Amino acid sequence: GSAIINIDNSPTNTQFGTINVTAETSLAETIASLIQLFENHPIKKETAECLMAGLVAYYQNFQSQKTNSAVFELASSLIKKGANHKIISANLYGPDERETEFISHIFSNLKRESQALVSVINYEEFIDLPMAKARGAAEKIVMTGSAENLLVLWKSRNSDPAIKGFFYSKNI
């Protein structure tokens, strides 16, 4: 009969394969290690993206306490092969409800001005949205290809009124 290759990361694996490869790491790391056993270990962009998705999912976007330097080294090599961590992370951990609402406000106020899309919004529309999430939401709009340049402005609620905002460009 045919050989059964059993690849797993569970310590309770029953070792049912003809060949058993078990390690308490992400399956992406195990697969990458197996690929490196081949003479030329040709990891192409698509493979790098799949392995990066496995790392991002297993290590919770590299926030898990299990994340170590070897994981970052592998992630670095996958990025060099063409994996895009930002896009993979965005696809796995898409925007939450508040970010989606913020994106909706940006789109509903969007106007084309010369070489950029501009959105002027009310501060109250995202008063409780952390600045990092607001920036991330604006980046997602640019990443979709909806805009080469995006400017989002709002009036600050500081004691001294001021205009605040973000400018994102694919060209910078």
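Residues numbered from 1 in each chain as written. Predicted model: local features only at pLDDT ≥ 70, side-chain atom pairs only at ≥ 80, totals over all residues. Heavy atoms only, no water.

1. Here's the deal with the overall build of the chain
Let me state the cut-off plainly: What counts as a helix is a DSSP run of H or I of at least four residues, what counts as a strand is a run of E of at least two, and both are numbered from the N terminus. Throughout, exposure labels follow a simple rule: accessible area from a 1.4 Å probe, protein chains only, divided by the maximum for the residue type, with under 20% read as buried, over 50% as exposed, and the rest as partly exposed. Pairs of residues are marked as contacts when any of their non-hydrogen atoms sit within 4.5 Å.
What the chain contains, in helices and strands, is 6 helices and 6 strands. The helix and strand sequence of the chain, counted from the amino end, reads β-β-α-α-α-α-α-β-β-α-β-β. Burial status across the chain gives 34% buried among its 172 residues. In the chain, the proportion of contacts linking residues at least 24 apart, taken out of those at least 6 apart, comes to 49%.

2. Regarding the environment of Ala90
Take Ala90: it is sitting in helix α4 (residues 85-92). For Ala90 and Ala137, which are 47 residues apart along the polypeptide, the C-alpha to C-alpha distance reads 10.0 Å.

3. What to know about the side chain of Asn13
Note the following rule: Within 3.5 Å is the distance limit for a polar contact, defined as a pair of N or O atoms, with the added protein rule that one can donate a hydrogen and the other accept it, and that residues adjacent in sequence qualify only through two side-chain atoms.
Along the chain, the position of Asn13 falls in the loop between β1 (5-8) and β2 (19-22). Polar contacts involving the side chain of Asn13 include one to the side chain of Asp8, which spans 2.7 Å. Once you skip the residues sitting within four places of it in the chain, Asn13 turns out to touch Asn6, Asp8 and Thr22.

4. Digging into unusual backbone geometry
Phi is positive for Gln15, which is not a glycine, with a value near 55°. Within the secondary structure, Gln15 is located in the loop between β1 and β2.

5. Let's talk about the sheet that holds strand β6 (residues 163-169)
Where we set the bar: The criterion for strand pairing is that DSSP finds at least two bridges linking the strands in question. Comment: axis = line fitted to C-alpha atoms, over the contacting stretch for helices; angle = value between 0 and 180 degrees taken between N-to-C directions.
Taking strand neighbours across the sheet as the criterion, the 4 strands line up as β3-β4-β5-β6 in an open arrangement whose pairing is mixed. With partners counted over all chains shown, the strands left at the sheet margins are β3 (110-113) and β6, one partner each. The average undirected angle you get between the axes of adjacent strands in this sheet is 25°. Bridge analysis of strand β5 (residues 149-155) against β6 gives 7 bridges, and the strand direction is antiparallel. Its bridge partner lying in β6, Asn149 is registered against Ser169. Along the sheet, helix α5 (residues 97-108) makes contact with β3, β4 (116-121) and β5, crossing β4 at roughly 115°.

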